[in-house]
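Residues per chain, in single letters:
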Amino acid sequence: MGSNSSRLFTMLAKSLNSAPLAQPDLYPEENPEQDLDQEDQDEVYAEQLLRDCVEALQRRPARPHRDLIYPRSTATCHHSHTPSIRVMQWNILAQALGEGKDGFIRCPLDALNWEERKFLILEEILTYRPDVLCLQEVDHYYDTFQPVLTSLGYQGSFLAKPWSPCLDVEQNNGPDGCALFYRRSRFALLATAHLRLTAMMLPTNQVAIVVMLRCRSSGRSLCVAVTHLKARSGWEMLRSAQGTNLLQNLRNITAAGRDGTVPLVVCGDFNAEPSEDVYRRFSSSPLGLDSAYKLLSPDGQTEPAFTSWKIRPSGESRSTLDYIWYSHHALSVDSLLALPSEEQIGPDRLPSYHYPSDHVSLLCDVSFRQEVHRLM
């Protein structure tokens, strides 16, 4: 990296090299009169940090370009007059797992070096500036994501797995878990729930975070959840039970009396192909959920060919495991981030020098549909 590193880069480096764990995250008092000058400062800071990421990654290939795609169905939707809400979903690959357990046989160990890989992750986030960010396999929350994203105007929450496999790896950075961030300038926090998912009434090792937000510009409520279900084949019934438990919790949380249920967005690495029972349970739920990325297909009914592509000692695996579910009666999808092509991913698959995780990020812009009583 060049010798003319900016002061902001020095601040970022300090954050990224601080102690691995701190006190549990607490929500600071919300300020409903958010200063617009502060929002402008956040944008300036984000631009500078993005430039610093590019500088830190000079030795690596450029990140693959991905276009925003606008579904044809968007034109017929009745939108409210508030700006769309950008949602990003991403399993970022826990550092301890990538280096110590996952066995990516075609990925050089040097490509997984945290001192550079963290900048690849931040570059992806800073490029798209989501309003809501849902992450899985986060094992650098307190020393990386919380301080950096807080400085950019985000509020975050983290929930570790009770028995994280990261703890089996020497020199780990603590347990991995789910993290959920939202932009304070866009939303006020109404409530937070940290869930340990159950199966057959028994607690499991998988978790979920649910937040109830109020959109500052429209006054409307939005419920967002992030989860990471049990991995590997042979555990389909457990994933289905975990999904059922999450759906029941979401029904209870979003119930809103005479005005109906609160619109819902559920992001996660479900570790389940569309053929699995947990997928069917979500698509047929009384909550009225639909999978956003089906809208990339010609018929609007087919999931992408993959969201994860890796090579392990057991062989090559190309799978669709990650989803953004949304309340299709209350929300419309305005745009989606296209998936990278096979050529962009490369013959050694993921992760790699140019992409930090074995999962690709998903991103969509959603809008509130106009409420019926406001159309009359």
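See the structure shown above.
Quick summary incoming for the structure in this document. It should be emphasised that the depicted structure is a prediction, and the values quoted were computed from it without experimental measurement.

**Focus on the overall build of the protein chain**
In terms of regular secondary structure, the protein chain is built from nine helices and 15 strands. By the burial criterion, 56% of the 376 residues in the protein chain qualify as buried. The long-range share in the protein chain, meaning contacts at least 24 apart out of those at least 6 apart in sequence, stands at 79%. Accessible surface for the protein chain amounts to roughly 16800 Å². Of this, 52% is attributable to carbon and sulfur atoms.

**With respect to empty space enclosed by the protein**
For the structure shown, the criterion picks out four cavities of 30 Å³ or more. In terms of lining residues, the largest cavity is bounded by Asp42, Glu43, Ala46, Ile125, Leu126, Arg129, Leu152, Tyr154 and Arg183. At the level of secondary structure, the elements contributing two or more residues to the lining of the largest cavity comprise α2 (36–56) and α4 (114–128). In terms of residue count, the dominant contributor to the lining of the largest cavity is α2 (three residues). Residue composition of the lining of the largest cavity, by class: five nonpolar, no polar and four charged.

**Quick notes on the environment of Glu55**
Its location among the elements puts Glu55 in helix α2. Separated by 64 residues in the primary sequence, Glu55 and Phe119 place their C-alpha atoms 9.5 Å from one another.

**Examining the packing of aromatic side chains**
For the structure shown, the criterion picks out 13 aromatic pairs. Ring geometry for Tyr142 against Phe158: centres 5.8 Å apart, planes inclined by 80°, an arrangement best described as edge-to-face. Taken together, the positions of Tyr142 in helix α5 (residues 141–151) and Phe158 in strand β4 (residues 154–160) put the pair 16 residues apart, joining distant regions of the chain. Across the pair, exposure class does not vary: Tyr142 and Phe158 are buried alike. Taken together, the aromatic side chains of Phe270, Tyr279, Phe282, Tyr323 and Trp325 make up a single cluster linked through ring pairs. A cation over a ring is seen here: Arg196 above Trp163, with NZ or CZ 4.9 Å from the ring centre.

**Quick word on α5**
Listed in full, the buried residues belonging to α5 are Tyr141, Tyr142, Asp143, Thr144, Phe145, Val148 and Leu149. Looking at the residues trailing α5, positive phi occurs at Gly153, about 95°.

**Topic: unusual backbone geometry**
Each neighbour pair has its own omega, and for Leu350 with Pro351 the value is -10°, a cis peptide bond. Take Pro351: it is sitting in the loop between α8 (342–345) and β15 (362–368). Unlike most non-glycine residues, Met200 shows phi in positive territory, near 55°. Overall, the relative accessible area of 73% leaves Met200 in the exposed class. Its identity as a non-glycine residue notwithstanding, Arg349 has a phi of 65°, on the positive side. Counting through the fold element by element, Arg349 comes out in the loop between α8 and β15. The class of Arg349 is buried, set by a relative accessible area of 10%.

**So, helix α6 (residues 236–254)**
Its 19 residues give α6 an end-to-end C-alpha distance of 27 Å, which sits within 8% of 27 Å, the value for a rise of 1.5 Å per residue. Inspection of α6 places Leu238, Arg239, Ser240, Gln242, Gly243, Asn245, Leu246, Leu247, Leu250 and Thr254 among the buried residues, and these make up the whole buried set. Buried residues along α6 sit against β6 (187–199), β7 (202–215), β8 (221–228), β9 (264–269), α7 (277–283) and β10 (289–291).

**Brief notes about the pairing of strand β14 (residues 331–337)**
Counting buried positions over the seven residues of β14 gives seven, a clear majority of the element. Bridge analysis of β14 against β15 gives five bridges, and the strand direction is antiparallel. Paired with Ser335 across the strands is Asp365, a residue of β15.

The rules behind each value
- Residues numbered from 1 in each chain as written.
- Predicted model: local features only at pLDDT ≥ 70, side-chain atom pairs only at ≥ 80, totals over all residues.
- Heavy atoms only, no water.
- Helix = DSSP H or I, 4+ residues; strand = E, 2+ residues; numbered from the N terminus.
- Buried < 20%, exposed > 50% of the residue type's maximum accessible area, 1.4 Å probe, protein only.
- Contact = heavy atoms within 4.5 Å.
- Areas by Shrake-Rupley, 256 points an atom, 1.4 Å probe, with all protein chains shown as cover.
- 1 Å grid on protein atoms, 1.4 Å probe; cavity = no way out; pocket = protein on both sides within 12 Å on 5 of 7 lines; lining within 4 Å.
- Points joined across faces, edges and corners; volume = space filled by probe spheres on them.
- Nonpolar A, V, L, I, M, F, W, Y, C, P; charged D, E, K, R; others polar.
- Phe/Tyr/Trp six-rings, centres within 6.5 Å; stacked < 30°, edge-to-face > 60°.
- Lys NZ or Arg CZ within 6 Å of the ring centre and 35° of its normal.
- Expected span 1.5 Å × (residues − 1).
- Pairing = 2+ DSSP bridges.

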